[in-house]
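# Structural overview for review
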Amino acid sequence: MLKIIRYNTLVILSVLFLFSCKTEKHQFKNSASKAEIADKAMIVSARSEASRIGAEIMKKGGNAFDAMVATEMALAVSYPFAGNLGGGGFMVYRTADGEVGTLDYREKAPLASSKNMYLDENGEVISEKSTMGALASGVPGTIAGIFKVHKKFGSLPIQELLKPVIALAEKGIVVTQKQQDRLQKYRDVLMQVNEDTILFTKSYKAGDTLKNKALANTLRRIATNGRSEFYGGETGKILLNFLQERGGIITEQDLLKYDAKWRDPVQVQYKDYQIISMPPPSSGGIVLAQILKMIEPYPLNEYAHNSAKYIQVLTEAERRAYADRSFYLGDSDFYEVPQDSLLDSNYLEAKMANFSFEQATSSSAINHGELSNFYESNETTHYSIVDAEGNAVSVTTTLNGAYGSKLYIPELGFFMNNEMNDFSLKPGVPNMFGLIGAEANAIAPEKRMLSSMTPTIIEKDNKLWMVVGSPGGSTIITSVLQTFLNVAEFDLNMQEAVSAKRFHHQWLPDEIMMEPAGFEEKALEELQQKGYKINQSESRIIGKVDAIRVLPNGKLEGGADPRGDDTAVGF
């Protein structure tokens, strides 16, 4: 009888142990943990309408690049918060045969811009001048971007790609609860900047239909007349007249001179993975690569997920990489970015030499390497696509702030960006998101402003493995980082990896930003005892990751971020 009791006790203890291990591994699971699985192709974006349109294009025989064109424009219709014609973005791609590259269609400073254009007579920053209204806008790059992609890789006519988007704008989108909340939040400032009611200041409720016939007409002209319609045609003329009447400085010459640019990606090896990401004027690829190389020596998969030790290693690497970002990074067409030096293994090893698990490193003790506070716009959007042939694109696009400069062009149906605020308006002074910059990111005519956007593609064993990216300003880089590590180090599925709670450190302010209600008290207490300041502001959202992983059996596994209305569609 005693033996039976002992045996039963051992069984119960074993079950409890296994359960506790499983609980520890999957403590971050929630109802949104089941990944979307597809046999052939998949797209994940911020809106179901955009994802469906991209998927339908691929079903018709279009490739991932055709789907990129349609999705980019569908987001302008369904997600005007960040989707756009009046902004810009970055694309990282990998073709089915393994060719990789990037496209930079980031906005440019107008020809009439100058280094001190947002300073008053005392040399102080006039904050609203670079954030709201016509003077806040850089020269848009989105339309140039989609036509550049289509010319090189497209397989279907542009008219066919834009046809369902035009229909969506005419038929209208169904307002979601999150969209209703955003429109209510920004209604007063939209009224203020536009000095009148506009399409997006009406009192929409969840379930209402929002039609944008002006945007449908604009897209119809672009489909008929091509790229030049925006950069010199009727649409361009309407845009210029509208901006110039309101104090803008973008000219016809700015539009005619704008061009999107193919660039070589940043590539770095992390264990068995090849990371392919965006180079300057995005800081994303370099900062992501620096962090990965600094954390690679540590056995992360031996630490519990989001444990104090895991958070500590990532935090200290992030702190050091973001310090470099603020000083060294800018538009590489204007400034020689020391990329090789920043990614040198000896340099990065030396940067981590003063890290100890016993005590937090103070950010005041970290400066840029021997070779400036930072919070960029969250109002960006990302989408990931893999087609049936194995082509993959990772795209992040933005207006910068929510609804950009808040300036809406009624005749054209879209908002303009406020990307000029992403420059260093005055070196050492934070921009609207707390970002401090240096001379490398000072304003100059035709210069592209620094960004944190990090569209990324990851290979494993020389094969496509993951397509990932996120909005979130300065938190984009760490959102992409943690999503990758969640799968690579902790074996989560794609949806679990995207849904898991995230944290972020950016050198200054010297604090770990954490999403609320997602971290164990024990871990938080341990970090605080070691000198880390924790910021768990209510409703804090870090990133909205949309990602796709190629499974060993060749199927596609999608992760759509539950923090938004994001949707994965595959077939």
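Residues numbered from 1 in each chain as written. Predicted model: local features only at pLDDT ≥ 70, side-chain atom pairs only at ≥ 80, totals over all residues. Heavy atoms only, no water.

As named in an unreviewed UniProt entry, the chain is Glutathione hydrolase proenzyme, taken from Zunongwangia endophytica. For the record of the chain, the UniProt heading Subunit (unreviewed entry) holds the text "This enzyme consists of two polypeptide chains, which are synthesized in precursor form from a single polypeptide." Under the heading Sequence similarities (unreviewed entry), UniProt records this for the chain: "Belongs to the gamma-glutamyltransferase family." (UniProt positions renumbered as here; feature names shortened; annotations may be inferred.)

A pair of packed helices is captured by two measures, namely the crossing angle of their axes and the spacing between those axes. Where helix H11 (residues 308-328) contacts helix H14 (residues 476-488), the axes come no closer than 12 Å and their chain directions differ by 145°. You can see that H11 and H14 cross each other, and the crossing is right-handed. Residues Tyr310, Leu314, Glu318 and Tyr322 of H11 form the contact with H14, whose own contacting residues are Ile477, Thr478, Leu481, Gln482, Leu485 and Asn486. Across the contact of H11 with H14, the residue classes tally to six nonpolar, three polar and one charged. (Axes fitted to C-alpha atoms, helices over the stretch in contact; angles between N-to-C directions. Helix = DSSP H or I, 4+ residues; strand = E, 2+ residues; numbered from the N terminus. Left-handed = near helix turned anticlockwise from the far one by under 90°. Contact = heavy atoms within 4.5 Å. Nonpolar A, V, L, I, M, F, W, Y, C, P; charged D, E, K, R; others polar.)

Per the stated rule, a full pass over the model turns up 30 salt bridges. Beyond isolated ion pairs, a larger network of salt bridges with shared partners links Asp104, Lys261, Arg263, Asp331, Asp333 and Arg448. (Salt bridge = Lys/Arg side-chain N within 4 Å of Asp/Glu carboxyl O.)

Next up on the list: helix H2 (residues 48-59). Here H2 spans 16 Å end to end across 12 residues, near enough to the 16 Å set by a 1.5 Å rise per residue. Buried residues of H2: Glu49, Ala50, Ser51, Ile53, Gly54, Ala55, Ile57 and Met58, and no others. Where H2 is buried, its residues touch strand S2 (42-45), helix H3 (64-78), helix H5 (158-171), strand S5 (173-174), strand S10 (380-386) and strand S21 (567-570). Within two residues after H2, glycine 61 carries a phi angle of roughly 105°, on the positive side. (Expected span 1.5 Å × (residues − 1). Buried < 20%, exposed > 50% of the residue type's maximum accessible area, 1.4 Å probe, protein only.)

A word on the packing of aromatic side chains. Under the criterion given, the structure shown has 28 aromatic pairs. Look at tyrosine 310 and phenylalanine 490: their rings are 5.2 Å apart centre to centre, the planes differ by 90°, and that puts the pair in the edge-to-face class. One aromatic cluster in this structure is built from Tyr79, Phe81, Tyr186, Phe200, Tyr403, Tyr408 and Phe415. For lysine 108, the ring lying beneath its charged end belongs to tyrosine 258, and the centroid distance is 5.9 Å. One cation-aromatic arrangement involves lysine 152 over tryptophan 262; the distance from NZ or CZ to the ring centre is 4.4 Å. (Phe/Tyr/Trp six-rings, centres within 6.5 Å; stacked < 30°, edge-to-face > 60°. Lys NZ or Arg CZ within 6 Å of the ring centre and 35° of its normal.)

In this fold, glutamate 557 is placed in strand S20 (residues 556-560). We classify glutamate 557 as buried; its relative accessible area is 7%. With 72 residues separating them in the primary sequence, glutamate 557 and leucine 485 have C-alpha atoms 16 Å apart. Once residues within four sequence positions are removed from consideration, glutamate 557 is found in contact with Ala35, Glu36, Ile37, Met42, Asn493, Met494, Ala547, Ile548, Arg549 and Leu551.

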